[in-house]
Amino acid sequence: KDLDNDEENVSTDDPTSNSTPNKIGTATEIQVRLSRNNSWSSMDLTADLSGEDPMDAIANRVSDYWVRRQQAAFVATINGVFADNDAAPSGTDTHTQYDMTLDISGASYVDGVTNFSAESFIDATVTMGDSMGELTLVMMHSIVYARAQKNNLIDFIPDSLNPAAQSIPTFLGRTVVVDDGVPHTGGVFNTWLFGRGAVRWGAGSPKVPTETDRIASAGTGGGQDVLYNRVEWCIAPAGYAYIGTPPKGGPANTTGTAPLNAAASWSRVFSERKQIRIARLVTREF
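What follows deals with a nonpolar patch on the surface. On the surface, Ile122, Val126 and Leu172 cluster together to form a nonpolar patch covering roughly 230 Å² of accessible area. Mapping Leu172 onto the fold places it in the loop between strand 5 (168-171) and strand 6 (174-178).

Have a look at this one:
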């Protein structure tokens, strides 16, 4: 933990007066391993009739599939963090309820009041106090992004590595990520803000990441190919401990025992708000 803001000593010329050293506190962040897998199959007869082997298409799309599933696990994890923040603190969790969120959604839509604006965005960053400048990335739904564009709030900068590529959208100097996986219910939308190091990522290597199986008897002897793919992930929100009791392969995103999106699965171990570089703005867009 950071050093406590204790009052400093005043020096004297008395050799018998000794200072008492302070200590540094500690906290334990506990993260959970996500052991995930999936498999896909194709019957030989399908390839015989179509002239194209579906297994080739499957193999070419596996990496894109895992990118989408990784994003879903990330969204579930951050949902769990905010769910914990929305709940009253208990046990060793000493957070202040709702101290990471600005909610202007209201009971009904009012143009210019409940919807996304530069003013509401800045107010959300102020949940970090004088560390508001550490929030360097904003993740928003396409509906909110469209609102920001209509208000002429989005700037585009070229990719420094490839200026010919699509320009990168920014909002008040923050990089913008547009993702419809950001939570929304009806006309109420979340916009998430992140600072550097807010979420850490780890990837392990399963014993056998990829393998295939040939089932000759399937299809009454027509034959079947099966592709298996496995991943090991860790998505670690800084300053939080996973406190659920998941199955041995880790929790699911939203279902089962102690899923990633559940408030009861997480506990904040960093008591200082400014150490948690995550914030949320909740708006009503229609």
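This part is about helix 2 (residues 54-86). Taking 1.5 Å of rise per residue, 33 residues should cover 48 Å, and helix 2 covers 46 Å from first to last C-alpha, within 8% of that figure. Capping the start of helix 2 is the job of one residue whose side-chain oxygen sits 3.0 Å from the backbone nitrogen of Met55: Asp53.

Attention now moves to a negative patch on the surface. Negative charge collects at one region of the surface, where Asp2, Asp4, Asp6 and Glu272 lie side by side. Structurally, Glu272 can be placed in the loop between strand 13 (266-268) and strand 14 (278-284). Accessibility expressed as a relative area gives 38% for Glu272, which makes it partly exposed.

Turning to the pairing of strand 3 (residues 135-140), a few remarks are in order. Where strand 3 meets strand 8 (residues 188-195), five bridges bridge the pair, whose relative direction is antiparallel. Each residue of the ladder has a partner; that of Leu135, found in strand 8, is Gly195. Bridge analysis of strand 3 against strand 6 gives four bridges, and the strand direction is parallel. When the sheet's bridge partners are listed, Met140 is paired in strand 6 with Val178.

What counts and what doesn't
- Here the residue numbers are simple positions, counted from 1 along each chain's written sequence.
- In keeping with the predicted nature of the model, local features appear solely for residues at pLDDT of at least 70, side-chain atom pairs appear and are counted solely at 80 or more, and the whole-chain, interface and lining totals rest on all residues.
- Hydrogens and water molecules were not included; the side-chain quantities draw on all heavy atoms of the structure.
- In this analysis, a patch consists of residues with relative accessible area above 30% that form no salt bridge, clustered at 9 Å for like charges and at 5 Å for the nonpolar side chains Val, Leu, Ile, Met, Phe, Trp and Tyr.
- Throughout, the Shrake-Rupley method with a 1.4 Å probe supplies accessible areas, and for residues the shown protein chains are the sole cover considered.
- Think of a salt bridge as a Lys or Arg side-chain nitrogen and an Asp or Glu carboxyl oxygen that are within 4 Å of each other.
- Only DSSP runs of H or I with at least four residues qualify as helices, and only runs of E with at least two residues qualify as strands; both kinds are numbered from the N terminus onward.
- Expected helix span is taken as 1.5 Å per residue step, with the number of steps being one fewer than the number of residues.
- Here a polar contact means two N or O atoms within 3.5 Å. Within protein one must be a hydrogen donor candidate and the other an acceptor candidate, and residues neighboring in sequence count only if both atoms are side-chain atoms.
- Residues scored as positive are Lys and Arg, those scored as negative are Asp and Glu, and His as well as the terminal groups of each chain are ignored.
- Here the site of a charge means atom NZ of a Lys, CZ of an Arg, CG of an Asp or CD of a Glu.
- Three exposure classes are used, based on accessible area relative to the maximum for each residue type with a 1.4 Å probe and protein chains only: buried under 20%, partly exposed in between, and exposed over 50%.
- We call two strands paired when DSSP finds no fewer than two bridges between them.

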